[in-house]
Structure formats: C-alpha cells, structure tokens
Amino acid sequence: MTTIAFPIPSTEIIQERVAEAVRAGLMRRPKRLPAWLFYDEAGSRLFDEITERPEYYLTRTERGILAHHADAMVARAAGLEAASLDRITLGAVSCDRLRIAELGAGSADKTRLLLKAAVAQQGSVIYEPVDVSLTALEAAKERIECEIPGVTVMPRVEDYTQGLELDPTAAGERHLVLYIGSSIGNFEPWEAERVLSRVRAGLNPGDGLLLGVDLKKDEATLLAAYDDAAGVTADFNLNMLARLNRELGAEFQLDAFEHCAVWNARESRMEMHLESRAAQRVHIDALDLEVEFAEGERIHTENSYKYLPGQAEALLASARFEPVESWTDEQGWFRVHLGRAV
Ligand code: TRP
C-alpha cells in the first residue's frame, strides 16, 4: 500500500513552482538555482551514472562501510550494547524489533545491505521509504520486494524536509531512519540542523538515525569527484538549463555555459556553478524574462559540505540525537553515524 501523505501536485503546480523558483533565483546576485531542479527524469538518470564514475568515491565508499558493518548498525539501532554484539548470533540477548524508514528513495542499492541485516536479525522487516517522487518509490517497492524476501515496503510520498510522519511503532518496536548518501551535506549547517530537528520531532526516544556524511579530504580528490573525466557531472549540472529549456521555453545554449566545481575551504564545501562563457542575454518564455549574463558570471547550483571530525556529532546533538557509534572506511573518507533520539 502506498501512503499518500499529501495530495500529489499536478503538473501545472509543479511547473508553477519551477517558474517561481527560477525567477527568484535568477534575480538574485549572485544568481542561484535550487538543487532540487537537478532531479527530473534525465537528471536522476545522470546522477545514477555519477555514482558509478571512478572519481565519485562517495557511493562506493559508503557502500563498503555498510557492507562491513550493517549487522552491527542494525543491532545497535535495535538497542543492543556494543559489548553484546557477538552474543546476538547465539540468540543470547533480546532486543527491540526495527522498522526501517529512509529519507529519499534513491539509494536502494546501499539500503539493501541494511534490510538484509535486519531480516537476518529479526526474520522480517517493514521498510518505509519517504520521497517526494512517487515513481522513485514505486520502483523501489518493486525492486526490493522481489529481491529480499521478508521485506514489506510501505512507501510514503512526503517532503521530509518539512517533517516526518511515520506510522506509530508498537511496544517493543523502534524506528531506524536512514539518511545516507551524504544528502545532509547539501544543506547549509543551519538548514541541516532544522531538517534533522524536524525528523527528530516525528520520532520517539530510543528511535535511531543513521546518517552518512562525507568528510573533508585532499582538494584534488574532491575536485575530481565533482568534475569527472567522462563529463557526466558536467552534463548533470548543465541538465538544469536543459530542463528550463524544456519546461519554461528558455533559450539557454548549453555550450555557452560551463560546469564549474570549486572547493570553498572557508566553508568546507564543494560548490557547483554554471559559468557563462560570454556576455549574453537569455530569453525565458514562460517567465516573460530576459536574463543578462556577464562573461564569467556564475549561477550557483549546489553545495556539498565536507564534515570535519566532531561536526556530525555536534549536528546530531543539536537535533536531540545522542551520538551512539560511528563507522568509517580505511582511508577515513566517509563516516556513517548512528544517533539515538533522546
Ligand atoms: N548529494 C550529492 C553530493 O553532494 C549530489 C551531487 C553529486 C551533485 N555530484 C553533484 C550535485 C554534482 C551537483 C553537482 O555529492
């Protein structure tokens, strides 16, 4: 069963939102376009391709961490103390049953590792992916129910940045909310805190949050991850302009703009921009607007914050999650944190 938490917006309403966001963003100085515009059908496909590029270490590094530690993550989330972990296989300790929710339905491939661990621990599991895209959710349901016996998928169409409404847990059950893939890094620190606080407001004490964060590392590795040699990330960034051409009758010439990835050391974040190669004026039909660009002028499209040691713990605490444990890879490039709602 698909739970529709709010009426699915009609195409016209979505177009209206796109139009409003584009008008507001292009009037700003410096110009900005909101990152959610990346993920139309073409953009979502390109993003999946990014995650398979050799330079984009994030996905495979996080997957490796989950592959190594999924059992421990699930056991700790269910309330087990670290010291009892090796006894769980002997059935010597009892713990709560988990229901697993996930913010965003895009990372199903990594999620699978945790769902399998939960099925191994408790026989079956309810999985509640939360996403604004019904299509993404239906695809996830189909895939996961076929592939992992013991998982019941109950998708929710919801904008989790506005809060989270999960079905209440029964006695002896806890929620574990997955927020992996470094998506939290796309929010500025104050927004990240607000998003997690809203998520926390929908949980009970004892529920868990599994948070994947990308860590600060050498600049060359970061720059390559956001500007791969095959040019997929460039296509992904430029697809935003292609989308405006398709949906708003804009007349952006894609080769008149350049994908540009910048490391902002002061803010500890990667920034994505689209840079105008020349002075130009672009007509946007649906907005009845002419937008002027100077040569070298940029549209800022995304940030990806790279966390310093201790920052994720501080963020969790500020949203009323107690940091329980964290797991990293051999190179210390990425870290997955378990927080417990207090
Ligand atoms: N959440 C992803 C990240 O921050 C999104 C992303 C990957 C992205 N590559 C990008 C966003 C390139 C804009 C441009 O890593």
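Notes on the structure follow.

### Thoughts on the site of the ligand
In step 1: Every residue close to the ligand is listed here: Phe38, Tyr39, Phe47, Tyr56, Leu58, Asn186, Tyr226, Thr233, Phe236, Met272, Glu302 and Ser304.
In step 2: Between the ligand and the protein, one listed contact pairs an oxygen atom with a side-chain N or O atom of Tyr226 at 2.5 Å.
In step 3: Taken by itself the ligand offers 360 Å² of open surface, and the protein chains cover 99% of this.
In step 4: Secondary structure elements with two or more residues in the shell around the ligand: helix H8 (232-248) and strand S13 (298-305).
In step 5: Taken together, the residues that form the shell around the ligand break down as eight nonpolar, three polar and one charged.

### Digging into the packing of aromatic side chains
In step 1: All told, the structure shown has 12 aromatic pairs when counted by the stated rule.
In step 2: Taking 5.9 Å as the distance between ring centres and 80 degrees as the angle between the ring planes, the aromatic pair formed by Tyr56 and Tyr226 counts as edge-to-face. Here the residue Tyr56 occupies a position in the loop between helix H2 (41-50) and helix H3 (57-77), and Tyr226 occupies one in the loop between helix H7 (219-225) and H8, the gap between them amounting to 170 residues.
In step 3: Judged by its relative accessible area of 7%, Tyr226 falls in the buried class.

### So, the side chain of Thr221
In step 1: The topology assignment puts Thr221 in helix H7.
In step 2: For Thr221, a relative accessible area of 18% puts it in the buried group.
In step 3: If we skip the residues at most four places from it in the chain, Thr221 touches Tyr57 and Trp333.

Cut-offs applied
- Throughout this document, residue positions are counted from 1 along each chain, in the order its sequence is written.
- With the structure being a predicted model, the display of local features is reserved for residues of pLDDT at least 70 and the display and counting of side-chain atom pairs for 80 or more, all residues being used for whole-chain, interface and lining totals.
- The side-chain figures draw on all heavy atoms in the structure; neither hydrogens nor water molecules are used.
- To be near a molecule or strand, a residue needs just one of its heavy atoms within 4 Å of it.
- Whenever a nitrogen or oxygen atom comes within 3.5 Å of another N or O atom, the pair is scored as a polar contact, on the condition that within protein one atom can donate a hydrogen and the other can accept it, and that pairs from neighbouring residues in sequence are kept only if both atoms are in side chains.
- Surface accessibility follows the Shrake-Rupley procedure with a 1.4 Å probe radius. Residue values consider only the protein chains on display as shielding.
- Labels follow the DSSP assignment, with helices taken as runs of H or I lasting at least four residues and strands as runs of E lasting at least two, numbered in each case from the N terminus.
- Polarity classes work like this: nonpolar for Ala, Val, Leu, Ile, Met, Phe, Trp, Tyr, Cys and Pro, charged for Asp, Glu, Lys and Arg, and polar for all others, with Gly in that last group.
- When two rings of Phe, Tyr or Trp (its six-membered ring) have centres within 6.5 Å they constitute a pair, described as stacked for plane angles under 30 degrees, edge-to-face for angles over 60, and tilted for the intermediate range.
- For every residue, the accessible area (1.4 Å probe, protein chains only) is compared with the maximum for its type, and the residue is labelled buried under 20%, exposed over 50%, or partly exposed between those bounds.
- Residue contacts are defined here by distance: any two heavy atoms, one from each residue, within 4.5 Å place the two residues in contact.

Just distances and angles here, no functional claims.
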